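Take a look at the letters that make up each chain.
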Amino acid sequence: MSTFSKSDDQEASLYDAVLDEISTGRLEAGQRLKVSELANRFGVSTSPVREVLRLLQGEGFVEIHPNRGAVVKQADANTIQNIFEVLQLLEPYFVSWFADYAQPEMIEEMEDIQRRIEELPTADLIAFRKLDIEFHWAICRQHYNHVAADLWRKLRTALNVHGAKLRISPVRYQTIMEEHRELIAAFKAHDAARAEAAINKHVAGSFTQMSQQMRALGI
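Residues numbered from 1 in each chain as written. Predicted model: local features only at pLDDT ≥ 70, side-chain atom pairs only at ≥ 80, totals over all residues. Heavy atoms only, no water.

Visitor: Give me the overall build of the protein chain: which residues, what numbers.
Guide: A count of helical and extended segments in the protein chain gives nine helices and three strands. Mapped from its N terminus to its C terminus, the protein chain presents α and β elements in the order α-β-α-α-β-β-α-α-α-α-α-α. The C-alpha atoms of the protein chain give 18 Å as radius of gyration, which agrees with the globular expectation for 219 residues (17 Å, within 12%). Here the C-alpha coordinates of the protein chain stretch approximately 55 × 40 × 30 Å along the principal axes. Here the protein chain holds 219 residues, and the buried ones make up 45% of them. Partitioning the contacts of the protein chain with sequence separation of at least 6, the portion at a separation of at least 24 is 71%. In the form shown here, the protein chain has an accessible surface area of approximately 11300 Å², with 50% of it arising from carbon and sulfur atoms. Taken together, the 25 basic and 31 acidic charged side chains of the protein chain have centroids lying 8 Å from each other. (Helix = DSSP H or I, 4+ residues; strand = E, 2+ residues; numbered from the N terminus. Rg over C-alpha atoms; globule rule 2.2 N^0.38 Å. Buried < 20%, exposed > 50% of the residue type's maximum accessible area, 1.4 Å probe, protein only. Contact = heavy atoms within 4.5 Å. Areas by Shrake-Rupley, 256 points an atom, 1.4 Å probe, with all protein chains shown as cover. Lys, Arg positive; Asp, Glu negative; His and termini not counted. Charge placed at Lys NZ, Arg CZ, Asp CG, Glu CD.)

See below:
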């Protein structure tokens, strides 16, 4: 049985647990989500499971059909393109500000996350994607505009969910490492223009990689 934090807000914990199963590929696109099975897996009643599935439907991660019930939604190329278009607007916004105002301890936190990423086996994409979000969230969560930061986090979570089946080529993986290091170097130099150029290249490269993978899979 999978476990999750048992708190007063059981529904939120269950939501996080089911979303994690989808974003890591343990629940695959097209897979039927049986309420009774999920309730048994997470040790809850069926009522919160139904509510969580409705929430996931509203966010585009699950489809609910009258006769088939709930299924994990198949990745959609247009949805991923739309997410990247918004991220291309948001990322430079956060990065430029961070380059100007980041304190040494904030940059040290990013260096620590990057070190943990580089210690991972390259095949461990689940751990990599979680740390990659943590790396970028270390930038966004420092910003004064919490509405924009929350939007970024939702979009990056959606990207992980929709891209759960997609792989990262060895060449792209190494390029990501180099781009992360370049961002850190720009932050240390408080060079906003350099940081913005690095993040624009980073986001564009990720979109190209995902687009190629989706075309190969016929998505």
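Past the structure itself, the notes keep going.
Visitor: Mind laying out the packing of helix H4 (residues 77-101) against helix H6 (residues 125-140), listing which residues take part and the relevant values?
Guide: It is at 9 Å that the axes of H4 and H6 come closest, and there the two elements cross at 65°. Only His136, Ala138, Ile139 and Cys140 of H6 make contact with H4, whose side of the interface consists of Glu91, Phe94, Val95 and Phe98. (Axes fitted to C-alpha atoms, helices over the stretch in contact; angles between N-to-C directions.)

None of the figures reported here should be taken as evidence of function without further support.
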